[in-house]
Amino acid sequence: MDDVTVTRTISVRANQKPWLTVEVHRLLKARNAAFRAEDKLGLRTARANLSRGIRVAKRQFSRRIVTHFSNSRDTRNLSNLFIKFADDTTIVGLINNNNETAYIWCLAMWCKDNNLHLNVEKSKEIVVDFRRTCTQHTPLNIDGAAVERVSSTKFLGVHISEDLDYAHVTSPTRLRSVQRCLPSLVFRLIFRPVLSDVLCVALPVLPCLCCPAFFVLCFPACVVLPVLYYLCCTTCVVIPVLSCLCCPACVVLPLLYWLCYTACCIVCVVLPVVLPVYHQSHRCKLIHGSMSLPVLEKKGDIILGGLFSLHDMVVEPSLSFTTMPPMTQCAKFNFRTFRWMQTMIFAIDEINRNGKLLPNITLGYQIYDSCSTAHQALKAAMALMGSEKDSLVDGEKQSKGTCHGAIPVVIGDGGSTQSLVVARILGVLHVPQVSYFSSCACLSDKTEFPTFLRTMPSDLFQVDALVQLVKYFGWTWVGVCAGDDAYGRGGAQIFVNEVRKFGACVAVHEVIPKNRAQAAISSIVSKISSSGARVILVFAVEQDATAFFDEVLRVGLTGIQWLASEAWSTAAVLSNPKKYHHILQGSMGFAIRRADIPGLQDFLLHLHPLSPNALKDPFFIPFWEEVFQCSLGVQNEGHQHNAQSKPPCTGTEELGTVKNIYSDVSQLRISYNVYKAVYAIAHTLKAMKSCVKGKAPFPLQECPEADRIQPWELLYYIRQVEYITSFGDEIMFDENGDPAAMYDLVSWHLNPNGKIEFVNIGKFDETTATGEKKLHVQEKNIVWNGNQSEVPLSVCSNICPPGTRKAIRPHLPICCHDCVICTAGHISNKTDAIECMQCLPQFWSNAERTACVPKHVEFLSFSDTMGITLMAISLLGSFCTCVVIFIFSYHRTTAIVRANNSDLSFLLLFSLTLCFLCSLTFIGRPSDWSCMLRQTAFAIIFVLCISCILGKTIVVLLAFKPTLPGSIIMKWFGPLQQKAIITLSTLVQAVICMVWLIVAPPSPQELILRGSSNIILLCDKGSPIAFALVLGYIGLLACICLFLAFLARKLPDNFNEAKLITFSMLIFCAVWVAFVPAYISSPGKYSTVTEVFAILSSSYGLLGCIFAPKCYIILLRPEKNTRKRLMSKTTSGKF
């Protein structure tokens, strides 16, 4: 009870009345309010309204109780008379064997189940007993309290006594109220004589109107007593008339009385004679032959009912409704069902012969043919429950004292559709029904079928086994064909719902029509062929399956792996004919457990027309004629008889010489169910006979009567039955009336001799503990359709290999899909993957998209084409610079070298060499040292280079613009001061770089981009501010140089180094101004490439613009490399 949540609390008071309503509470409040207000008139009115309201509430509550009781499933079949009027309730019941509790017990139990309480203190009992020898009746007890027995009581204003005497009604005390309302003379002369005569004479005559025998007995009372009465009462009538001759009213009224009395006497004499004759002539009668059915019966102490579908169909007559309807005719005799019926007879005879299970008790039977139709099964069930003639057993009527007839239990029917109809009828009558072949899951509903039990497992378990089988072999595209009945439709629908839960799809779901229309079945076969499904489940009875496979055979559909439901998984009607072998070979299905019943085959073969009572068996005649195709010359009612087209039987026919479904006992599965059903009832009867008084479950702990088995008593015991058969199987019923589910997985193997053999290839056990496998399959013993050894593939789409995923096709089931390759960065490492898995950020999918591999680390390496190109350009620039240094060194004494401040020139060339070489630090795998080196080296070397150019620019500017002779300005810008400026400028940059390295040094960083297969490894600047300061300082020096060079642009043409510096600074500034947006927008390693390109471009610009013209003069125009040429004055062009 820990999992129960309290949702509402109801308080109940000791004096609470169940009939109290909101209106009554309102009237109570109105009465209390009038009492407190001392309103006498209002209080009187409120009390009257309250009294009326209470009566109305009681009547409404009583009406609800009556309606609930009348509609209750447990009380609907009571034979007791339940009378309810206003707040008076009367139950009229028949006392059997002096047991008064029986007729009130069901009501008491119903009240207890519905939380109602019978008030024993206010209950009264009257026992009417007119038997000559009256016995002492046991007091009536309800819940341990005795009900008061009275001799008379008042009911609906009428006093009823136990001797049914009407003296209380006609006594003077009962007429006082009438006397007060009428004048004395009228009451004495008319009302009292008439009322007395009617009650004393007419009431005893009323029963004569319904029963002629009773009229003969009461004739003296109807004729003689009125005459004697008036001879004695002359003074009561004549004298008042003589004394009132003077009054016309006193004369007319007695005459009217005499006329009325004479008419009453005529009615009392004539009507009892006329009415019985009229009643007999207009009585409702059954049409002859409309309900009479052929029955096979045997007398016994206890009769078991049996329903078997011995024929497969009913011949529908053409009804014109102008003549009497003909008797129902059944056709297509079923040998398999006839064997089941004989198994029931065999089991009953075996129990009777043995005598150990039911000593001193003989079982009998009544068996009807339901003809595989619901309405015929209903007629047979009604015949079992009682008809116009009751069954006689040992010369006595068994229906005495019960409305159910003599059948306490019914075995059958086979089909679920028939059992659904029969179970509803037997449920109302509380008659237990044990079916041997009905497996519809709907029959497990005990609210609709409270008395239904079966020895056949429910379709829920069979469907569970089939779903496990489909899942085991990986079939995801299956078809379903169902029979048009409760068994086929119900089982197929459950299978469809369950198989979809694990991802499989149903390609075809069709219903085989009962009319076997070829066009409809052909359409089903065409849909199966076009669906592409290789595995088809046929969930139908063997008759429907036969019609379906006939059409499959006609169309020529092959290559299908058929799954059989239990109804035809071992049906000989399909396995014996060779025409089905090539399409059904390799089929598999689940079948219930089989058994070899000793002695059954001999019993089946002993049937012969010459055996005693053989021709009295209404089912033996069509069976024998169908087996040997001859006529016994006996007309059998209720079955189609074609004796005219058959030769007469010779009498030498023997069943042992014929091999058919009837005599085949190799697959006793349903027959074993029938056998278990008979023995379950026998063990139930044994348990009832073994009842100990005082320990029984019934009221007063009374045991069932030994000579009268009540169906509801047997139903209680059969639910509790539990026994082990002689074959070791434990038989018991669960709360739904179902047995334990155990199936054999059978496969149809074609033997070399051309016969189908059922081979067990596995089993399914529903009783397996949770967590263990229920289905066990022996794959090595399986031979598939077409003698294939590999499991057939039944899918809508091919299996998606690893590296792909399923993409659902629009407007098609989920099993129909396309295989789509996983996108880059996603993988699938299993087949039929629903979606691809994304790799971790450091990993990327391989080419097959089946595994995640580490991403390729990308950086500007020496092995890349770009890295090789930049390295070559860098080395070329360094080589060119070294060449210039060599040229200047070799020609250091020439005028142009000496005029260009050779010290600053050599320092500038050295810094340019370093500028070309520092670009190599940007190539290769970034590390902590390389990242710090590349940035600091670039910053310091470029500042050194620009500082040298700045020094040369200042020297040129001051040298060519002296203001006064002998000025000391050049003294302050001598070689030492120039070196100091270069050192100071470079030192500033060095300080900035040192702070940068200390605070936030550059470090390697992995740049992981989503959707990329590479990890970009580059150097993080550490501090963007420091990097901006470095570039800004370099730009500041470059701008100063550009400005000073621009001021010195109009120097003489012979020595126009300022112009060359101006051009070089313009190129330098243009390169680094373009570098900023290009660097920001370049992705990955290309940002490094951009920076290297900027370093090389600016270095080449400085080298080319400043030193290329000088080298040209030195090498190619040596005539200009003289002091005289340099010192000559020429007009310079405008810059």
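Bear in mind the structure is a predicted one, so any value in this text is a computation, not a measurement. (Residues numbered from 1 in each chain as written. Predicted model: local features only at pLDDT ≥ 70, side-chain atom pairs only at ≥ 80, totals over all residues. Heavy atoms only, no water.)

A.B. asks: Can you explain the overall build of the protein? Please cite residues and give values.
C.D. replies: Check the secondary structure of the protein and you find 32 helices and 37 strands. With 1135 residues in all, the protein has 44% of them scored as buried. Taking all contacts inside the protein whose residues are at least 6 apart in sequence as the whole, residues at least 24 apart take part in 67%. As displayed, the protein has an accessible area near 59,900 Å², and 60% of this comes from carbon and sulfur atoms. (Helix = DSSP H or I, 4+ residues; strand = E, 2+ residues; numbered from the N terminus. Buried < 20%, exposed > 50% of the residue type's maximum accessible area, 1.4 Å probe, protein only. Contact = heavy atoms within 4.5 Å. Areas by Shrake-Rupley, 256 points an atom, 1.4 Å probe, with all protein chains shown as cover.)

A.B. asks: Give me the pattern of salt bridges: which residues, what numbers.
C.D. replies: Inspection of every chain in the model, using the stated rule, returns 22 salt bridges. Here Glu448 ties to Arg424 by a salt bridge, and the two come within 3.1 Å at their closest N and O atoms. Placement of the pair is Glu448 in the loop between β17 (433-435) and β18 (452-454) and Arg424 in helix α12 (residues 416-428), with a sequence separation of 24 residues. On the accessibility criterion, Glu448 (36% relative accessible area) is partly exposed. The class of Arg424 is partly exposed, set by a relative accessible area of 43%. A salt bridge links Lys774 to Glu766, with the nearest nitrogen and oxygen atoms 3.0 Å apart. For Lys774, a relative accessible area of 27% translates into the label partly exposed. Several salt bridges share partner residues, and in doing so they unite Asp485, Lys514, Arg516 and Asp544 into one network. (Salt bridge = Lys/Arg side-chain N within 4 Å of Asp/Glu carboxyl O.)

A.B. asks: Got a sec to walk through the sheet that holds strand β22 (residues 561-564)? Specific residues and values, please.
C.D. replies: Hydrogen bonds between backbone atoms are what pair the strands of a sheet, whose relative direction is either parallel or antiparallel. Taken together, eight strands build an open sheet; the order of strands is β20-β19-β21-β22-β23-β26-β27-β28 and the sheet is mixed. With one partner strand each, in any of the chains shown, β20 (505-512) and β28 (775-777) form the two edges of the open sheet. For this sheet, the mean inter-axis angle between neighbouring strands, taken without regard to orientation, is 25°. (Pairing = 2+ DSSP bridges. Axes fitted to C-alpha atoms, helices over the stretch in contact; angles between N-to-C directions.)

A.B. asks: Please give an account of a positive patch on the surface that cites residues and values.
C.D. replies: A contiguous patch of positive charge on the surface is contributed by Arg52, Arg55, Arg59 and Arg63. Mapped onto the fold, Arg55 is located in helix α2 (residues 40-71). The class for Arg55 is partly exposed, based on a relative accessible area of 42%. (Patch = residues over 30% accessible without salt bridge, like charges linked within 9 Å, V, L, I, M, F, W, Y side chains within 5 Å. Lys, Arg positive; Asp, Glu negative; His and termini not counted. Charge placed at Lys NZ, Arg CZ, Asp CG, Glu CD.)

A.B. asks: Provide a residue-level description of the packing of helix α28 (residues 975-999) against helix α29 (residues 1024-1047), including the pertinent values.
C.D. replies: Contact geometry of α28 with α29 gives a least axis separation of 9 Å together with a crossing angle of 170°. Of the possible angle classes, the one that applies to α28 and α29 is roughly antiparallel. Residues Ser985, Val988, Gln989, Ile992, Cys993 and Trp996 of α28 lie in contact with α29, whose contacting residues are Ala1026, Phe1027, Leu1029, Val1030, Tyr1033, Ile1034 and Leu1037. Class assignment of the residues belonging to the contact of α28 with α29 gives a composition of 11 nonpolar, two polar and no charged. (Parallel < 35°, antiparallel > 145°, perpendicular 65-115°, else oblique. Nonpolar A, V, L, I, M, F, W, Y, C, P; charged D, E, K, R; others polar.)

A.B. asks: For the state of the cysteines, give the residues involved together with the corresponding values.
C.D. replies: Here a disulfide denotes one covalent bond, and it connects the sulfur atoms of two cysteines. Evaluation of the coordinates by the stated rule reveals 10 disulfides. A disulfide bridge connects Cys505 with Cys815, and the sulfur atoms are separated by 2.2 Å. Classification of the bridge connecting Cys505 and Cys815 rests on its S-S torsion, roughly 90°, and on that basis the disulfide is right-handed. Separated by 310 residues along the polypeptide, Cys505 in strand β20 and Cys815 in the loop between β29 (804-808) and β30 (817-821) bring together distant segments of the chain. Its relative accessible area of 5% is what places Cys505 among the buried residues. In this structure Cys815 comes out as buried when scored by relative accessible area, which is 6%. Here Cys882 is not cross-linked by a disulfide; its sulfur's nearest cysteine counterpart is in Cys880, at 9.2 Å. The thiol sulfur of Cys945 is not disulfide-bonded, and the nearest other cysteine sulfur, from Cys915, lies at 4.7 Å. (Disulfide = S-S within 2.5 Å.)

A.B. asks: So what's going on with unusual backbone geometry? Which residues, and what values?
C.D. replies: In this model, Gly412 is joined to Asp413 through a cis peptide bond whose omega is -5°. Tracing the backbone shows Asp413 in the loop between β16 (409-411) and α12. A positive phi is found at Asn787, a non-glycine position, where the angle reads about 60°. Here Asn787 is to be found in the loop between β28 and β29.

A.B. asks: Help me get a handle on the side chain of His817, residues and values and all.
C.D. replies: Among the secondary structure elements, His817 is positioned in strand β30. Overall, the relative accessible area of 6% leaves His817 in the buried class. From its side chain, His817 meets the backbone oxygen of Asn798 in a polar contact 3.5 Å long. Of the polar contacts made by the side chain of His817, one reaches the backbone oxygen of Cys815; its length is 3.0 Å. Ignoring sequence-local partners within four residues, the contact set of His817 consists of Ser797, Asn798, Cys800, Lys806, Ala807, Ile808, Arg809 and Asp832. (Polar contact = N/O pair within 3.5 Å; in protein donor to acceptor, adjacent residues only side chain to side chain.)

A.B. asks: Lay out the packing of aromatic side chains with the relevant residues and their values.
C.D. replies: In this structure the tally under the stated criterion is 44 aromatic pairs. Where Phe338 meets Phe623, the ring centres are 4.3 Å apart and the plane angle is 20°; that geometry is what we call stacked. Placement of Phe338 in helix α10 (residues 335-354) and of Phe623 in helix α20 (residues 620-628) is noted, with a sequence separation of 285 residues between them. Per residue, the accessibility class of Phe338 equals that of Phe623, and both read buried. Taking the centre distance of 5.1 Å and the plane angle of 85° together, the rings of Phe549 and Trp562 count as edge-to-face. Residue Phe549 is found in helix α16 (residues 542-555), and its partner Trp562 is found in strand β22; the two are separated by 13 residues along the sequence. Note on Phe549: relative accessible area 0%, which makes it buried. Each member of the aromatic cluster is reached from another via a ring pair, and the members are Phe938, Phe942, Trp996, Phe1027, Phe1068, Trp1072, Phe1075 and Tyr1079. (Phe/Tyr/Trp six-rings, centres within 6.5 Å; stacked < 30°, edge-to-face > 60°.)

A.B. asks: Go over the environment of Asn32, please, and point to the residues and values.
C.D. replies: Following the sequence through the fold, Asn32 ends up in helix α1 (residues 22-36). In the structure, Asn32 is positioned 14 residues away from Ala46 in sequence and 8.7 Å away in space, judged by C-alpha atoms.

A.B. asks: Which residues make up the nonpolar core, and what values go with them?
C.D. replies: General note: in soluble globular proteins, nonpolar side chains tend to be found buried as a group. In this structure, Met344, Phe495 and Phe623 are the most contacted members of the largest nonpolar core, which totals 110 residues. A total of 12 residues in this core trace back to one element, the largest contributor, which is helix α21 (residues 670-689). Non-local contacts of Phe623, meaning those with residues more than four positions away in its chain, are made with Phe333, Phe335, Phe338, Leu607, Leu655 and Tyr662. Listed in part, the 65 residues of the second largest apolar core include Phe888, Val943, Ala1026 and Phe1068. (Core = buried A, V, L, I, M, F, W, Y, C linked by side-chain atoms within 4.5 Å.)

A.B. asks: Could you give me a rundown of the sheet that holds strand β10 (residues 302-308), with the residues and numbers involved?
C.D. replies: The six strands lie next to each other as β9-β13-β10-β16-β17-β18, forming an open sheet whose pairing is mixed. With one partner strand each, in any of the chains shown, β9 (295-298) and β18 form the two edges of the open sheet. Mean inter-strand twist for the sheet, computed between neighbouring axes without regard to direction, equals 20°. Note that β10 and strand β13 (residues 363-369) share seven bridges and pair parallel. Considered in β13, the bridge of Leu307 is made with Tyr368. Sitting on the sheet, α10 touches β9, β10, β13 and β16, and the angle it makes with β13 is about 170°.

A.B. asks: Could you give me a rundown of the packing of helix α23 (residues 865-890) against helix α25 (residues 902-918), with the residues and numbers involved?
C.D. replies: Any two packed helices are characterised by how steeply their axes cross, that is the angle between the axes, and by the distance between the axes. Viewed as axis vectors pointing N to C, α23 and α25 meet at an angle of 165°, and their least axial separation amounts to 8 Å. Taken together, the axes of α23 and α25 lie roughly antiparallel to each other. As α23 packs across α25, the resulting crossing turns out to be left-handed. Along the contact surface, α23 presents Ser874, Gly877, Ser878, Thr881, Cys882, Val884, Ile885, Phe888 and Ser889, while α25 presents Ser905, Phe906, Leu909, Phe910, Leu912, Thr913, Phe916 and Leu917. Looking at side-chain class alone, the contact of α23 with α25 contains 10 nonpolar, seven polar and no charged residues. (Left-handed = near helix turned anticlockwise from the far one by under 90°.)

A.B. asks: Quick one: what's the story with a nonpolar patch on the surface, residue by residue and with numbers?
C.D. replies: A surface patch of nonpolar side chains, about 790 Å² in accessible area, is lined by Leu984, Leu987, Val988, Val991, Met994, Val995, Ile998 and Val999. One can find Leu984 in helix α28. By relative accessible area, which is 56% here, Leu984 ends up exposed.

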